[in-house]
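Next come the chains, spelled out residue by residue.
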Amino acid sequence: MASAPDTPVRTRTRAIGDLALAACVIMGASILFIGASSLPPPRFEPLGSAAMPRILGAILIALAVTVAARAILTLARSSNQGSREAAIQLPHRGIIVFALLVAYIAALDFARVPFAIATTLFVMCAGMTMHQISVRSALVHCALGLVLSLSIDYIFSTYLFVRIG
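Residues numbered from 1 in each chain as written. Predicted model: local features only at pLDDT ≥ 70, side-chain atom pairs only at ≥ 80, totals over all residues. Heavy atoms only, no water.

## Quick look at the overall build of the protein
Inference 1: From N to C terminus, the protein includes five helices and zero strands.
Inference 2: Across the 165 residues in the protein, those meeting the buried criterion constitute 25%.
Inference 3: Of all intrachain contacts in the protein linking residues separated by at least 6 positions in sequence, the fraction that spans at least 24 positions is 65%. (Helix = DSSP H or I, 4+ residues; strand = E, 2+ residues; numbered from the N terminus. Buried < 20%, exposed > 50% of the residue type's maximum accessible area, 1.4 Å probe, protein only. Contact = heavy atoms within 4.5 Å.)

## Notes on helix α1 (residues 8-37)
Inference 1: Spanning 30 residues, α1 covers 43 Å between terminal C-alpha atoms, matching the ideal 44 Å at 1.5 Å per step.
Inference 2: Residues of α1 that are buried include every one of T11, A15, A22, A29 and A36, and no others.
Inference 3: Buried residues belonging to α1 abut α2 (51-76). (Expected span 1.5 Å × (residues − 1).)

## Some thoughts on the packing of aromatic side chains
Inference 1: Applying the stated rule across the entire model yields one aromatic pair.
Inference 2: On the numbers, 4.7 Å between centres and 20° between planes, the contact of Y104 with F122 is stacked. In this pair, Y104 sits in helix α3 (residues 93-109) while F122 sits in helix α4 (residues 115-130), placing the two residues 18 residues apart along the sequence.
Inference 3: Y104 sits in the buried class, given a relative accessible area of 15%. (Phe/Tyr/Trp six-rings, centres within 6.5 Å; stacked < 30°, edge-to-face > 60°.)

## A short note on α4
Inference 1: Taking 1.5 Å as the rise per residue, α4 with 16 residues should run 22 Å; its terminal C-alpha atoms sit 22 Å apart, in good agreement.
Inference 2: Burial in α4 covers these residues: F115, A118, T119, T120, F122, V123, M124, A126, G127, M128 and T129.

## Looking at unusual backbone geometry
Inference 1: A positive phi angle, near 55°, is found at R112, a position not held by glycine.
Inference 2: For R112, the position within the fold is in the loop between α3 and α4.
Inference 3: Judged by relative accessible area, which is 64%, R112 ranks as exposed.

## Here's the deal with the side chain of T119
Inference 1: With respect to the helices and strands, T119 occurs in helix α4.
Inference 2: Judged by its relative accessible area of 4%, T119 is buried.
Inference 3: Here the side chain of T119 touches F115 through a polar contact of 2.8 Å, landing on its backbone oxygen.
Inference 4: Setting aside anything within four residues of it in sequence, one finds T119 in contact with Y104, G145 and S149. (Polar contact = N/O pair within 3.5 Å; in protein donor to acceptor, adjacent residues only side chain to side chain.)

## With respect to the nonpolar core
One broad rule of soluble globular proteins: the nonpolar side chains tend to lie buried together.
Inference 1: One finds Y104, F115, A118, F122, V123, A126 and I164 forming the largest nonpolar core, which totals seven residues.
Inference 2: Looking at which element gives the most residues to this core, the answer is α4, with five residues.
Inference 3: Dropping the residues within four chain positions of it, A126 is found in contact with V97 and L100. (Core = buried A, V, L, I, M, F, W, Y, C linked by side-chain atoms within 4.5 Å.)

## Thoughts on a nonpolar patch on the surface
Inference 1: Among the surface-exposed residues, M52, I55, I59 and L63 lie close enough to one another that they form a single nonpolar patch of about 330 Å² accessible area.
Inference 2: The topology assignment puts M52 in helix α2. (Patch = residues over 30% accessible without salt bridge, like charges linked within 9 Å, V, L, I, M, F, W, Y side chains within 5 Å. Areas by Shrake-Rupley, 256 points an atom, 1.4 Å probe, with all protein chains shown as cover. Salt bridge = Lys/Arg side-chain N within 4 Å of Asp/Glu carboxyl O.)

## Some remarks on the confidence of the model for the protein
Inference 1: Averaged over every residue, the pLDDT of the protein is 81; the share at 70 or more is 86%.
Inference 2: With pLDDT under 50 throughout, residues 82-87 is counted as low confidence; its partners more than four residues away or in other chains account for twelve contacts. (pLDDT = per-residue confidence, 0-100.)

## Remarks on the environment of A50
Inference 1: Its place among the elements puts A50 in the loop between α1 and α2.
Inference 2: Counting along the chain gives ten residues from A50 to P40, while the straight-line C-alpha distance between them is 7.7 Å.
Inference 3: For A50, the contacting residues outside a window of four places in its chain are A36 and L39.

Below, the structure written as structure tokens:
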């Protein structure tokens, strides 16, 4: 079931929505930074209690900037709508991503699936749900999930002294 290509109006509307979402995420990350600034300085641990909100805020801002940059590029070339790769796109993506998130948490908590495997599969499935279902999309999102999961595991174990999974 292949979907019809997006119209220029629909593409522009989606890009504007992405920009609005990125702005909201940046505002939320700012709230994290403001909250983290009121936390006491570290006494015994190397990074302190404010480290996680600051790390999370930085990650959120980096991802929001990425989404905003892509939306700006989409808006810039929306008048030159080229041919798209034929791929399957799913309706009701939000519900599917939420179900994937619940399954991801259940896999980590109840089934004790290793963090790297569960995170890689979650990022791949969620990415394909949000973007498109194709072999190329599966490979890109699988690689992204693997790099992300291994990076998070390394940072947590090396700098925060927390073993995940």
